[in-house]
Amino acid sequence: MAEGSLTYLLNKLAQFVENEVQFLTGSQEEALSVRGELERVRAFLRVADSPEESDDEVKVWVKQLRDTAHDMEDALDEFLLLLRHDHGVGFIGLISRMSYYIKNLKARYRATSEIKRINSRVKSICNGHRRLRHIFSRAQQDSSYTGVDNTWQDHRGNSLLLDKTDVVGIEQPKNELVGWLLDGALGREVISIVGMGGLGKTTLVKQVYEDPAVKKQFMVYAWITLSRSSKIEELLTDMLDQIMKVIRKPVPPSAFTMNSHWLKTIIKDLLQRRRYLIVLDDAWHNSEWDAVKHALPNNSHGSRVIITTRNADLASTSCKEFNGLVKNMEPLDPAQSWELFCRKTFQGNSCPSHLEEICEYILRKCEGLPLAIVAISGVLAAKDIRRIYEWELVRRSLRTEIDCNDKLKNLKRVLMLSFNDLPYYLKSCFLHLSLFPEGHRIKCRRLIRLWVAEGFVERKEGKMTLEEVAEDYFLELLNRSLIEVAARRSDGRVKYCRIHDFLRDIITSKSTDQGFAVIAKEENCEWPDKARRLSIQNTLQAPQRNWSLSQLRSLYMFGIERPFMNKVLASDMKLLNVLDMQAAPLTRFPAQVVDWYYLRYLSFRFTEVSTVPSSIGKLQNLETLDLKHTKVTELPVEILKLRRLRHLLVYRYKNISYSSFKFGFKALRGIGALQSLQKLCYIEAGEESSGSVMRELGMLTQLDRLAILKFRKEDGRDLCWSMSKLTRLRAISVASVDDDEVIDLQHLSSPPPFLERIYLRGRLGALPHWLPALSSLMKLHLRCSRLKDDPLVSLRNLPNLVHLELLQVYEGSSLCFEAESFKKLKTLGLDHFDELRCVEVEKGAMPYLEKFIIQRCKLLEKLPSGIEYLKKLKVLEIFDMPDELIKKLVQGGQNDEYQKVAHVPEVYYGYWKDGGWDVQLIERSVQRDQISACSEH
C-alpha cells in the first residue's frame with residue numbers, strides 16, 4: 001500500500017526538479033538523491049503487501065516509508081505555496097518577486113533543511129530494506145506466497161466434506177446445474193460459477209460433482225483446486241493422477257518429470273475418446289485457465305468443464321472460448337439465511353423471542369453470505385441465551401470481533417484473499433470505499449472523479465483521459481466481485497455501486513491500520529494528528545481535545561450538524577486536495593476554501609449555496625466543481641481562470657407531475673478557455689452573446705457530455721459547427737427556451753462518432769438528418785418535437801438503441817413498430833400523443849423489450865395490437881389512460897385487453913392525484929417466483 005504513496009510522490013518530485021528547484025538553492029542534489037533511492041525501492045513495494053500481513057518487521061519498515069513519503073510530499077507542497085504569490089509582470093513584477101523571495105528567505109531555508117532531513121530518513125529506511133531483502137525475494141519468487149499461514153486452505157477443504165444437511169438453499173441451483181450437465185448437447189461446454197468469496201461456489205459444485213446421476217453420465221472426472229499451487233506442472237500431474245485412477249490405470253513414472261507440454265498432450269489423448277467432467281475450483285486469473293484449457297479436447301461426446309471463480313472476466317472469457325454459460329452465484333434469501341442461522345446458532349431450534357431483534361440485525365449484516373452466517377453463528381452458539389448483554393455486545397462490536405475473534409478469522413482470510421490479489425494500483429481505489437458510510441449507495445461517476453482527484457489513477461497508453469483509466473479500474477473491481485452493482489441505468493451503465501458490509505468492515509480496519517484514512521463516526525472519537533483522509537459520519541460533536549488537520553489531503557462529511565461543520569472548516573487545511581460536502585448543512589460558500597490552493601475536487605451538491613465568490617479563480621488546481629442541486633444560477637467570470645477544470649456541474653431540476661424543469665447557469669463569453677472540460681452541465685444560452693458561446697463550445701475538444709438550456713433556433717448553426725469539432729462527445733442534451741421554439745440541428749454534416757445519448761426538448765421541423773446514421777446511439781429522449789412524419793420510420797434500424805422515450809413527438813393518429821425493427825430496444829416510453837388512436841406491434845419487432853410505458857394518450861382506448869408478441873416484456877406501465885381501458889385490465893378474466901398482457905409479470909396503472917401518483921399493481925395470474933423485475937415509483 002505504500003507503493004501508491006511513493007508513486008504519487010515520485011511524480012511530484014519529477015515536476016519539482018524540473019520546474020521549481022532553481023528557487024531552492026542547494027536542494028537539487030537532495031531531491032534527485034531522494035528520487036533515486038525511492039525509485040530503487042518502489043519495485044519491492046509491489047510485493048510488500050503479502051509479507052507485511054504477518055511480518056512485524058516488514059510492517060514497521062513499510063509504515064516508516066509511507067510516513068516519510070507523506071512528509072516529503074507535505075514539505076514540497078508547503079514550499080510551492082511560497083512560490084505561488086502573484087507578482088505581476090514587467091519590471092515592477094520583477095522587483096516584487098525579488099522582494100518576496102528575500103522576505104521568505106527564512107521559510108525557504110526551513111524548507112531546504114526539511115528536504116535534507118527527509119533525505120537522510122529515506123536513506124536510513126532504504127538501508128532497512130536491504131536487511132529485509134530475503135523476505136521480499138521470497139515473495140517475488142513465490143507468487144502464491146500470502147504472508148499468512150495456510151490454514152484457510154484447510155477450512156476451504158472443509159467445504160468439500162459438508163453433508164447435505166449442513167447446507168441451505170442449494171437444491172434449486174444444484175438441480176439447475178445438474179440439468180445443464182446432463183442435457184443433450186454433444187459439444188464440449190464450460191459452466192462458470194462466479195461470485196464473491198464465501199457465497200458457497202465450491203460447496204454447490206461439490207454437491208453437483210458427487211451427484212450419482214452426474215457420476216453415471218461421465219466416464220472420466222477430476223477435481224482440480226487451482227489456488228493450491230501456482231505451478232502448472234503440479235496441476236497437470238494432479239489432473240492426470242485423478243484421470244488414471246478413474247480409468248484404473250497406473251500413472252507412468254515419467255509423468256512426474258515431464259514438462260507441461262507433454263503432460264497436456266497425454267491428458268488430451270486420454271480424454272479425446274471419453275466423455276469427461278473436469279472441475280477447476282477457485283480459478284483467479286485468465287493465465288490459470290490458459291495454462292490448462294489446451295489439455296481439454298472438444299471431442300463431441302458431451303464433455304463438460306466447471307469453473308468456480310471470483311473473476312467475472314475469467315468466467316466470461318472461458319465461456320466465450322468454449323461454448324458455455326455463466327452462472328452468477330446469488331446470496332441466500334432472507335428465509336434461507338434465517339434457516340441456516342438458526343440451524344447453526346441454536347442447533348436447529350427456533351430463535352428465542354428476546355434475542356430476535358439482535359439476531360435479525362446481525363443477520364442483515366451477513367447479507368445472505370453463507371460463510372459469514374456460519375462464522376457468526378459459531379461465535380453466538382457459545383453464548384448463553386439467557387445473557388442478552390453478551391449477544392448485544394457482539395452486535396455492537398462486529399468489526400472488532402472480525403479482527404480479534406479466532407472463530408471469525410477464516411471469514412476474514414477468505415474475504416481478504418480478494419484484496420491481497422489486487423494489483424497495487426487497485427488497492428488504494430478499493431480502500432477508498434471505506435470512506436463512505438455503511439449501507440451507502442455510491443454513485444459511480446462521483447467515485448471515478450474522486451479517484452482521479454485523489455491521485456490514485458495513472459495514465460495508461462491508449463487511454464485519452466484519466467477518467468477512462470479510472471473506469472477500467474472500476475470495472476476490474478466489479479469483475480473481481482469486490483463491489484456490487486446497486487443500480488443500473490436503462491442503457492446498462494452502472495449508476496450506483498456498494499460493497500458487502502463485512503467486506504467494508506474489513507477494509508475499514510485495514511484502512512485505519514495502514515494510515516490510509518480516519519473514519520470518525522462515534523462521539524468523542526480521537527483523530528490522529530497526521531490524518532491524510534478524514535471521513536466524518538453522523539457525528540454530532542467534535543473530539544474533546546483540539547486537533548490539527550494541517551496535513552489533511554481529503555475531507556468527506558456525511559450527516560454532520562452545522563456547528564461542528566463550521567468548526568472543522570475553520571481548521572488550517574492549506575494542503576487539502578478533496579473537499580466533499582455533499583448534502584452538508586451549508587448555506588453559503590465558505591470564504592476560506594478559496595485559499596486552499598491544492599483543491600482538485602470541490603462538491604457542495606445538495607446544499608443551500610447560492611453564490612460563488614470571484615476569488616474562486618485562485619483555485620488553479622481545481623478539476624471538479626460540483627454545484628448540482630444548489631441554488632447557484634450564475635458563475636463569476638473568474639471561473640475562466642481555472643484551466644484545469646474538467647467537470648463543471650451547475651444545475652438543478654424540479655419534477656412536477658410529468659414535467660421536469662431544469663435550471664442551469666448563465667453562459668459565459670470566453671468559456672472556450674476551459675479546454676480541459678469533459679463535462680459541462682447546464683449552460684443557459686439566453687439571448688446575450690449566445691451565438692459566440694455556441695461557437696466557443698467547439699474549442700472544448702475534451703468534452704464528452706454537454707447540456708444546454710434556453711436554446712434558440714438561431715443558435716442551431718453555431719452549435720452544429722461546434723459539435724462537428726467535439727469528436728469525443730458521448731452525450732448531449734439541448735432544451736429550447738420554450739416548448740414552441742425550434743431546435744435546428746440540420747446543419748451538422750459530421751456528428752460526433754461516439755455519441756451514445758441524445759436528449760432534445762423543443763419543436764423539431766424534422767428529425768435531424770444525421771440521427772438515423774448514429775450506430776453508437778443507445779439512448780434517445782425526444783420531447784415536444786411535434787413531428788408531422790412518423791419518427792419510427794427513421795429510427796427503426798438504429799443498431800444499438802436500447803432506450804427510447806417519445807413525449808409529444810408525433811401528431812399522427814397511428815404508430816407501427818414493424819417486424820425486425822428496434823432489435824435491441826429494452827425500454828420504450830410513449831407519452832402525451834394527443835391524436836394517437838392506434839399502436840401496432842408486428843411480430844418480430846422489439847424482441848428484447850423489457851419495459852413499456854404508455855401515458856397520457858387519451859384517444860388510445862386499446863392496448864397496442866401485437867403486444868402479446870413481446871415475450872421478454874417484464875413491466876407494463878399505463879398512466880393517465882382512458883378509464884375504459886383501465887377497467888378492462890382491472891377486471892381481468894377473459895376480455896381481450898387483459899389477455900393481451902397475460903404473459904407480462906407486472907402491469908401497473910396510475911393517475912396523478914392530489915400532487916402525487918396513485919399507482920396500483922394489477923393482480924396477475926403468474927406465480928410470484930416467475931416475476932423477475934419491478935419498476936420503481
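The preceding data block contains the structure.
Q: Please clarify how the overall build of the protein should be interpreted in this entry.
A: Helix and strand content of the protein: 31 helices and 31 strands. Burial analysis of the protein (937 residues in total) assigns 55% to the buried set. Within the protein, residue pairs in contact and separated by at least 24 positions form 62% of the contacts whose partners lie at least 6 positions apart. Taken as a whole, the protein presents about 41400 Å² of accessible surface, with 48% of it coming from carbon and sulfur.

Q: Is there a simple way to think about the sheet that holds strand 6 (residues 442–443) in this case?
A: In a beta sheet, neighbouring strands pair by backbone hydrogen bonds and run either parallel or antiparallel. Strand order in the open sheet made by the three strands is 6-8-7, with antiparallel pairing throughout. Edge positions in the sheet fall to strand 6 and strand 7 (484–488), since each has one partner strand and no second. In terms of strand pairing, strand 7 meets strand 8 (residues 494–498) through four bridges, oriented antiparallel. Bridged to R488 within strand 8 is V494.

Q: Can you walk me through a nonpolar patch on the surface in this structure?
A: Together, I656, F661 and F663 line one region of the surface with nonpolar side chains, adding up to about 260 Å² of accessible area. In this structure, I656 sits in strand 16 (residues 652–656). Given a relative accessible area of 43%, I656 falls into the partly exposed group.

Q: Just to check I follow, could you spell out unusual backbone geometry for this structure?
A: Peptide bonds are trans in most cases, and residues, glycine excluded, mostly fall at negative phi. The omega angle of the peptide bond from C681 to Y682 is -15°, so this bond is cis rather than trans. Within the secondary structure, Y682 is located in strand 19 (residues 679–684). Phi angles above zero are rare outside glycine, and S481 is one such case at about 60°. As for its placement among the helices and strands, S481 is situated in the loop between helix 24 (466–479) and strand 7. Given a relative accessible area of 14%, S481 falls into the buried group.

Q: Explanation requested: the packing of helix 21 (residues 409–420) against helix 25 (residues 501–513) in the structure shown.
A: The description of two packed helices rests on the angle between their axes and on the distance between the axes. Between helix 21 and helix 25, the shortest axis-to-axis distance is 10 Å and the interhelical angle comes to 75°. One finds that helix 21 runs roughly perpendicular with respect to helix 25. Only F502, L503, I506 and K510 of helix 25 make contact with helix 21, whose side of the interface consists of L411, K412, L415, M416 and F419. Each residue belonging to the contact of helix 21 with helix 25 can be placed in one class, and the counts come to seven nonpolar, no polar and two charged.

Q: Whenever I open this one, the sheet that holds strand 1 (residues 189–194) confuses me. Can you help?
A: One open sheet holds the five strands; their spatial order is 2-3-4-1-5, and the pairing between them is parallel. Every other strand in the sheet has two partners, leaving strand 2 (220–225) and strand 5 (323–328) as the edge strands with one partner each. Taking each pair of neighbouring strands and ignoring which way they run, the sheet shows an average axis angle of 15°. Pairing between strand 3 (residues 276–283) and strand 4 (residues 304–309): five bridges, direction parallel. Following the sheet pairing, V279 is matched in strand 4 by I306. On the sheet, helix 10 (residues 201–209) packs against strand 1, strand 2, strand 3 and strand 4 and is oriented at approximately 165° with respect to strand 2.

Q: It is not clear to me how the side chain of E741 should be interpreted in this structure. Could you clarify?
A: Turning to its location among the elements, E741 is positioned in the loop between strand 21 (731–736) and strand 22 (757–761). Of the side chains with opposite charge, R712 comes closest to the buried, unpaired E741, at an N-O distance of 6.1 Å. In terms of polar contacts, E741 uses its side chain to reach the backbone amide nitrogen of K713, at 2.9 Å.

Q: Would you mind showing me how to read the packing of aromatic side chains here?
A: Two aromatic rings are characterised by how far apart their centres lie and by the angle between their planes. Enumeration according to the criterion identifies 16 aromatic pairs in this entry. Note on F341 and F346: the rings are 6.2 Å apart at their centroids and 80° apart in plane angle, and the pair reads as edge-to-face. Classification of F341 as buried rests on a relative accessible area of 1%. According to the relative accessible area criterion, F346 is buried, its value standing at 6%. One aromatic cluster in this structure is built from W338, F341, F346 and W391. Sitting over the ring of Y496, R441 keeps its end group 4.2 Å from the ring centre.

Q: What's the story with helix 28 (residues 716–723) in this structure? I'm lost.
A: Every α-helix winds through 3.6 residues per turn, so residues three or four apart in the chain are directed the same way. Across the eight residues that make up helix 28, a large majority, six, are buried. Restricting attention to buried positions, one finds in helix 28 the residues G716, D718, L719, C720, S722 and M723.

Q: Whenever I open this one, the pairing of strand 3 confuses me. Can you help?
A: Consecutive side chains of a regular strand alternate in pointing toward one face of the sheet and then the other. The buried fraction of strand 3 amounts to eight of the eight residues, a majority that puts the element mostly inside the structure. The pairing of strand 2 with strand 3 spans six bridges and is classified as parallel. Its bridge partner being in strand 3, I224 is matched across the sheet by L280.

Q: Could you clarify how one ought to interpret the packing of helix 12 (residues 232–246) against helix 13 (residues 260–271) in this entry?
A: Helix 13 packs onto helix 12 with a crossing angle of 25° between their chain directions and a minimal axis gap of 10 Å. Relative to helix 13, helix 12 is oriented roughly parallel. Note that helix 12 runs across helix 13; the crossing there is left-handed. Seen from helix 12, the contacting residues are I232, E233, L236, T237, M239, L240, I243 and M244; seen from helix 13, they are S260, L263, K264, I266, I267, L270 and L271.

Q: How should I be thinking about helix 12 in this particular structure?
A: In this model helix 12 runs 22 Å from its N-terminal to its C-terminal C-alpha over 15 residues, within 8% of the 21 Å that 1.5 Å per residue would give. Turning to helix 12, its buried residues number three or more, namely I232, L235, L236, T237, M239, L240, Q242, I243 and M244. Elements that come into contact with the buried residues of helix 12 comprise helix 10, strand 2, helix 13, strand 3 and helix 14 (286–293). Positive phi shows up at R248, right after helix 12, with a value of about 60°.

Q: What is the right way to look at the pairing of strand 20 (residues 705–711) in this model?
A: Among the seven residues that make up strand 20, five are buried, leaving the element largely enclosed by the rest of the structure. For the handedness criterion, the β-α-β arrangement of strand 20, helix 28 and strand 21 is classed as right-handed.

Q: Please explain the pattern of salt bridges as it appears in this structure.
A: Oppositely charged side chains are able to pair whenever their charged atoms sit close together. Tallied over the entire structure, the rule returns 56 salt bridges. For the salt bridge of K710 with E684, the shortest nitrogen-to-oxygen distance reads 3.3 Å. Placement of K710 in strand 20 and of E684 in strand 19 is noted, with a sequence separation of 26 residues between them. For E684, a relative accessible area of 11% translates into the label buried. Where salt bridges share partners, they join E73, D74, D77, R532 and R553 into one cluster.

Criteria and thresholds
- Residues numbered from 1 in each chain as written.
- Predicted model: local features only at pLDDT ≥ 70, side-chain atom pairs only at ≥ 80, totals over all residues.
- Heavy atoms only, no water.
- Helix = DSSP H or I, 4+ residues; strand = E, 2+ residues; numbered from the N terminus.
- Buried < 20%, exposed > 50% of the residue type's maximum accessible area, 1.4 Å probe, protein only.
- Contact = heavy atoms within 4.5 Å.
- Areas by Shrake-Rupley, 256 points an atom, 1.4 Å probe, with all protein chains shown as cover.
- Pairing = 2+ DSSP bridges.
- Patch = residues over 30% accessible without salt bridge, like charges linked within 9 Å, V, L, I, M, F, W, Y side chains within 5 Å.
- Salt bridge = Lys/Arg side-chain N within 4 Å of Asp/Glu carboxyl O.
- Axes fitted to C-alpha atoms, helices over the stretch in contact; angles between N-to-C directions.
- Parallel < 35°, antiparallel > 145°, perpendicular 65-115°, else oblique.
- Nonpolar A, V, L, I, M, F, W, Y, C, P; charged D, E, K, R; others polar.
- Lys, Arg positive; Asp, Glu negative; His and termini not counted.
- Polar contact = N/O pair within 3.5 Å; in protein donor to acceptor, adjacent residues only side chain to side chain.
- Phe/Tyr/Trp six-rings, centres within 6.5 Å; stacked < 30°, edge-to-face > 60°.
- Lys NZ or Arg CZ within 6 Å of the ring centre and 35° of its normal.
- Left-handed = near helix turned anticlockwise from the far one by under 90°.
- Expected span 1.5 Å × (residues − 1).
- Right-handed = clockwise from strand over helix to strand, strands pointing away.

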